[in-house]
Amino acid sequence: MTKASRTKRILKIIGGLIIFFTLPSLLFYGFIYLKYNDELPVGKIDKQADALATSMLIALDFEAYKNTDYLEWTFKGRHFYKWFKANNRCEVYWDDFKVELDLRDHDNSKVFVAEQEYNGIEKHDYTQKAEAFFNNDSFWLVAPYKVFDNGVERRIVESEDGDKSLLVTYTKGGTTPGDSYLWHFDKDGKPKSFQMWVDILPIGGIEATWENWMITESGAMLPTLHNILFLGLEIDDVKGTVLKD
């Protein structure tokens, strides 16, 4: 066999392997896109939107959440948090890292590697990573309580059958400003799911459930499970307390 024919055969095999492994993924993505992709709905910014957001907070007992000084949870079994909410500090743990994250001034944050304080050149990178983890993972825990944060736009969206949903857009802050979420509610006004139009997902309108709500020691209501397509996103070891003076 000549060198040219061997090369051609190798390239043919490589091409076949690429098609074998990528074609099912492309077909699956195409199916998901056609089945679930939705355009971002157009809603109205008005008093009805604010009233719907307020009804959601009442259904979740926002006062109990607001008075919760400390929250603790595990996200997907990989990231661990101790959030001193009243003091704007959070301890973020993953692998051998611990970051004492100052949410007001990141320059005051501390980084530990294998329980030893770290002040090397990558300290800023580890702090930013901890912040990104916190922004994402805390959102899956407390997003409903953030609907009146600064920079949040609220719109009411009405379906053809008259159901009202709340479209929330974060115009600033967090890790990916500009993301939008369409909240759907149960008969008691409590969130049951939202659809997402977010920068990190190529498909708009993917729905995630908000379920298995629990009531913490402080009275705050928090979810412990989200189902997204075929995946379950679990939040474990959730605690919420009012710290003693």
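Reading the values: the criteria
Residues numbered from 1 in each chain as written. Predicted model: local features only at pLDDT ≥ 70, side-chain atom pairs only at ≥ 80, totals over all residues. Heavy atoms only, no water. Helix = DSSP H or I, 4+ residues; strand = E, 2+ residues; numbered from the N terminus. Expected span 1.5 Å × (residues − 1). Buried < 20%, exposed > 50% of the residue type's maximum accessible area, 1.4 Å probe, protein only. Salt bridge = Lys/Arg side-chain N within 4 Å of Asp/Glu carboxyl O. Arc of directions from axis to C-beta. Polar contact = N/O pair within 3.5 Å; in protein donor to acceptor, adjacent residues only side chain to side chain. Core = buried A, V, L, I, M, F, W, Y, C linked by side-chain atoms within 4.5 Å. Contact = heavy atoms within 4.5 Å. Phe/Tyr/Trp six-rings, centres within 6.5 Å; stacked < 30°, edge-to-face > 60°.

**Q** How would you summarise helix 4 (residues 123-142) if you had to cite specific residues and measurements?
**A** Between its first and last C-alpha, helix 4 extends 28 Å over 20 residues, near the 28 Å set by a 1.5 Å rise per residue. Turning to helix 4, its buried residues are Y126, T127, A130, F133, F134, D137, S138, F139, W140, L141 and V142.

**Q** A description of the pattern of salt bridges should follow, citing residues and the corresponding values.
**A** Tallied over the entire structure, the rule returns 7 salt bridges. The salt bridge involving K239 is made with E72; its shortest N-O contact spans 3.8 Å. With K239 in strand 15 (residues 231-241) and E72 in strand 1 (residues 70-75), this residue pair connects regions lying 167 residues apart in the sequence. Look at K239 and you get partly exposed, because its relative accessible area is 45%.

**Q** Describe in detail helix 2 (residues 47-59), supporting the description with residues and values.
**A** The end-to-end C-alpha distance of helix 2, which contains 13 residues, comes to 18 Å, matching closely the 18 Å that a straight helix rising 1.5 Å per residue would cover. Among the residues of helix 2, A49, L52, A53, M56 and L57 are the ones counted as buried. Buried residues of helix 2 fall within an arc of 140° about the axis and therefore sit on the same side. Exposed positions of helix 2 whose direction lies more than 90 degrees from the buried face are K47 and I58. By the N-cap criterion, in which a side-chain oxygen at the helix start approaches the backbone nitrogen of a residue two or three places on, helix 2 is capped by D46, the distance to Q48 being 3.1 Å.

**Q** I'd love a proper account of the nonpolar core, names of residues and values included.
**A** In terms of nonpolar packing, the biggest core is built from 53 residues, with W73, W140, L166, W183, F194 and M196 touching the most fellow members. At 8 residues, the largest contribution of residues to this core is made by helix 4. For W183, the contacting residues outside a window of four places in its chain are A143, P144, S165, L166, V168, P191, S193, F194 and W210.

**Q** I'd like a description of the packing of aromatic side chains, backed by residues and values.
**A** One pass over the full model with this rule turns up 23 aromatic pairs. Aromatic pair W83 and F134: ring centres 5.1 Å apart, planes at 85°, arrangement edge-to-face. Here the residue W83 occupies a position in strand 2 (residues 79-84), and F134 occupies one in helix 4, the gap between them amounting to 51 residues. Across the pair, exposure class does not vary: W83 and F134 are buried alike. For the pair F139 and Y170, a centre-to-centre distance of 5.6 Å together with 80° between the ring planes defines the contact as edge-to-face. With F139 in helix 4 and Y170 in strand 8 (residues 164-170), this pair connects stretches of sequence that are 31 residues apart.

**Q** Please give an account of the side chain of H226 that cites residues and values.
**A** Tracing the chain through its elements places H226 in strand 14 (residues 225-228). In this structure the side chain of H226 is engaged in a polar contact, spanning 2.8 Å, whose partner is the backbone oxygen of W140. From its side chain, H226 meets the backbone oxygen of T209 in a polar contact 2.8 Å long. In contact with H226, not counting residues within four places along its chain, are W140, T209, W210, L231, G232, L233 and I235.

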